[in-house]
Amino acid sequence: NDVIDEVKQADPENIQQGAASQLALSNSYYENVLTQARRSFIAAIAAAAIGLVFFVAAVLILALHNDLRAGTISAISGGIVEVISGLNFWLYGRTASQLNLFHIRLDQTQRYLIANSIATKLDGAARESALVSLIGQIADQHTFSKSSAKDSD
């Protein structure tokens, strides 16, 4: 994978280059999750439409032909398809939560990169103090839990 090769080849002394390669890796993850979210949503919509067709067919069969067996089978089939649709919407919700968490982490990374760029432009003690403070903030940063991702909605 080209992105992983970029991370391997990044100069550990060059913070911006290392961060850029990490952002590329994160972007690759983001694209995968986004693709999954889109697929889940499209599958959910399609399944919901198919389930609706089965339910409408059940009503028409019962109303026009008064065939309880065929109507019941169609209604049960529609119910099963709607459950599948619900599961796909649930998967979509999960992937949307992952995208939200990714966005929060990406925003933090961008802020750290900007802070690093500004700090490296300072001179002397101000530069050292800013870099030490930035390093401390990054080292103390806690990993997001599911609850903190939900809180940011």
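Refer to the structure above for everything that follows.
It should be emphasised that the depicted structure is a prediction, and the values quoted were computed from it without experimental measurement.

A. Expanded view of the overall build of the protein chain. A count of helices and strands for the protein chain gives five helices and zero strands. Taking all 153 residues of the protein chain together, the buried fraction comes to 20%. Considering only intrachain contacts with a sequence separation of at least 6, the fraction spanning at least 24 residues in the protein chain is 63%. Carbon and sulfur atoms provide 61% of the accessible area of the protein chain, an area that totals close to 10700 Å².

B. Local environment of the packing of aromatic side chains. With the rule as written, the count across this model stands at two aromatic pairs. What links up through ring pairs into an aromatic cluster is the set F41, F89 and Y92.

C. Spatial organisation of unusual backbone geometry. Positive phi, close to 50°, is recorded for N66, a residue that is not glycine. Along the polypeptide, N66 turns up in the loop between α2 (15-65) and α3 (68-121). Its relative accessible area of 67% is what places N66 among the exposed residues.

D. Quick peek at a nonpolar patch on the surface. A surface patch of nonpolar side chains, amounting to about 330 Å² of accessible area, comprises F41, I45, F89 and Y92. When contributions to the nonpolar patch are tallied by element, the ones reaching two or more residues are α2 and α3. Tracing the backbone through its elements, the reader meets Y92 in helix α3.

Rules behind the numbers
- Residues numbered from 1 in each chain as written.
- Predicted model: local features only at pLDDT ≥ 70, side-chain atom pairs only at ≥ 80, totals over all residues.
- Heavy atoms only, no water.
- Helix = DSSP H or I, 4+ residues; strand = E, 2+ residues; numbered from the N terminus.
- Buried < 20%, exposed > 50% of the residue type's maximum accessible area, 1.4 Å probe, protein only.
- Contact = heavy atoms within 4.5 Å.
- Areas by Shrake-Rupley, 256 points an atom, 1.4 Å probe, with all protein chains shown as cover.
- Phe/Tyr/Trp six-rings, centres within 6.5 Å; stacked < 30°, edge-to-face > 60°.
- Patch = residues over 30% accessible without salt bridge, like charges linked within 9 Å, V, L, I, M, F, W, Y side chains within 5 Å.
- Salt bridge = Lys/Arg side-chain N within 4 Å of Asp/Glu carboxyl O.

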